[in-house]
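# Coordinate analysis (summary)
Here is what each chain is made of, one letter per residue.
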Amino acid sequence: ARAMNPIARAQLVLGTALALVLASGAASAVEFNDHEKARLAAGKTVKKPMAKAGKNGVYGGSAYTLIDAPADLIWAAIEDWGSYKKIYPKTVSVKEVSRKGDKSLVRMEQGHKLISVAYHVEVNKDPAKKMISFKLVKNKPHDIEETKGYWRLFPQSDGRTLVAYVVAVQVPAGLVNLLGDNLSDQLARALLNVPGKLKKWVEGPNGNRYRVMTAKK
């Protein structure tokens, strides 16, 4: 059999990783064990990294947290591009380039003085499912190979919301080598810290703006 070239192999690995993560990510299909339930009850984030995260530059997984706020308030925070610098790791800038209905084209730049990446994502909102999904737009400038995932909100009977965040990202091999093991591990952890950052943002003073917004509706 003919050997698979490196690019095709990486695409296959990413496709498989995305399928596994996205298929298993829905909170309605996830069973939390006693330890995970205790973490959620204590206000912590339950993180489920993808298997072999970092292989071929692929990172991601799923993460869950309970936020003391109704789903419509959290939805408003996720729609607020201005919040992303506090929610997403090392985010330098976020700009909504265009919008049509429930679909937005968003440019993101992340990194620091030595290393930064910029790319465009298509963000799709499905209010009926309380889901906001995103995927890389490959016909726009992008410094990463792929990114895809979604947010999903599950209102609880006590007024809180279970937030599910599922993500898979592939960064170029050259960037992986430049990052080194230490920064690579930090990237893997930071991706799954996002729901916890959202919780801190919404439950803190910054959440007041969304309370005012949702109260007016």
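Our next topic: the overall build of the protein. Broken down by element type, the protein carries 7 helices and 8 strands. The buried share of the protein, taken over its 217 residues, is 46%. Sequence separation of 24 or more characterises 51% of the internal contacts of the protein that already satisfy a separation of 6 or more.

This next bit is on the environment of V137. With respect to the secondary-structure elements, V137 resides in the loop between strand 6 (131-136) and strand 7 (146-155). Separated by 18 residues in the primary sequence, V137 and Y119 place their C-alpha atoms 7.9 Å from one another. If sequence neighbours within four positions are ignored, V137 has contacts with L105, H120, V121, E122 and H142.

Enumeration according to the criterion identifies 7 aromatic pairs in this entry. Ring plane angle 70 degrees and centroid distance 5.5 Å describe the contact between W81 and Y84, whose orientation is recorded as edge-to-face. With relative accessibility at 6%, the residue Y84 sits in the buried group. For the ring pair F134 and Y165, a centre distance of 6.3 Å and an interplane angle of 25 degrees mean the geometry is stacked. On the criterion of sequence distance, the pair formed by F134 in strand 6 and Y165 in strand 8 (residues 161-170) is long-range, its members being 31 residues apart.

For helix 6 (residues 194-203), every residue scored as buried is listed here: V194, P195, L198, K199, W201 and V202. An end-on view of helix 6 places all buried positions within 165 degrees of arc, on one side of the element.

The next thing to look at is unusual backbone geometry. Positive phi, close to 50 degrees, is recorded for K90, a residue that is not glycine. Its location among the elements puts K90 in the loop between helix 4 (84-87) and strand 3 (91-100). When its relative accessible area of 58% is taken as the criterion, K90 is described as exposed. Despite not being glycine, K130 shows a phi value in the positive range, around 55 degrees. Mapped onto the elements, K130 comes out in the loop between strand 5 (116-126) and strand 6. Taking the relative accessible area as the measure of exposure, K130 reaches 31% and is therefore partly exposed.

This paragraph deals with the nonpolar core. Note on soluble globular proteins: their nonpolar side chains tend to be buried together. Judged by nonpolar contacts, the single largest core of 40 residues is most densely connected at I74, I78, Y88, W151, L198 and V202. Element by element, the count of residues in this core is highest for helix 3 (residues 71-79), at 7 residues. Not counting residues up to four positions away in its chain, the partners in contact with I78 are Y84, I132, W151, L153 and L198. Counting 9 residues, the second largest nonpolar core, distinct from the first, contains V30, Y64, L66 and F154.

Pairing between the strands of a sheet is mediated by backbone hydrogen bonds and can be parallel or antiparallel. One open sheet accounts for 8 strands, arranged 1-2-8-7-6-5-4-3; its pairing is antiparallel. What marks the edges here is a single partner per strand, and that holds for strand 1 (46-49) and strand 3. Taking each pair of neighbouring strands and ignoring which way they run, the sheet shows an average axis angle of 15 degrees. Relative to strand 2 (residues 58-67), strand 1 runs antiparallel, the two sharing 4 bridges. Its bridge partner lying in strand 2, K48 is registered against S62. Taken strand by strand, helix 3 contacts strand 2, strand 5, strand 6, strand 7 and strand 8, and its axis lies near 160 degrees from that of strand 7.

The rules behind each value
Residues numbered from 1 in each chain as written. Predicted model: local features only at pLDDT ≥ 70, side-chain atom pairs only at ≥ 80, totals over all residues. Heavy atoms only, no water. Helix = DSSP H or I, 4+ residues; strand = E, 2+ residues; numbered from the N terminus. Buried < 20%, exposed > 50% of the residue type's maximum accessible area, 1.4 Å probe, protein only. Contact = heavy atoms within 4.5 Å. Phe/Tyr/Trp six-rings, centres within 6.5 Å; stacked < 30°, edge-to-face > 60°. Arc of directions from axis to C-beta. Core = buried A, V, L, I, M, F, W, Y, C linked by side-chain atoms within 4.5 Å. Pairing = 2+ DSSP bridges. Axes fitted to C-alpha atoms, helices over the stretch in contact; angles between N-to-C directions.

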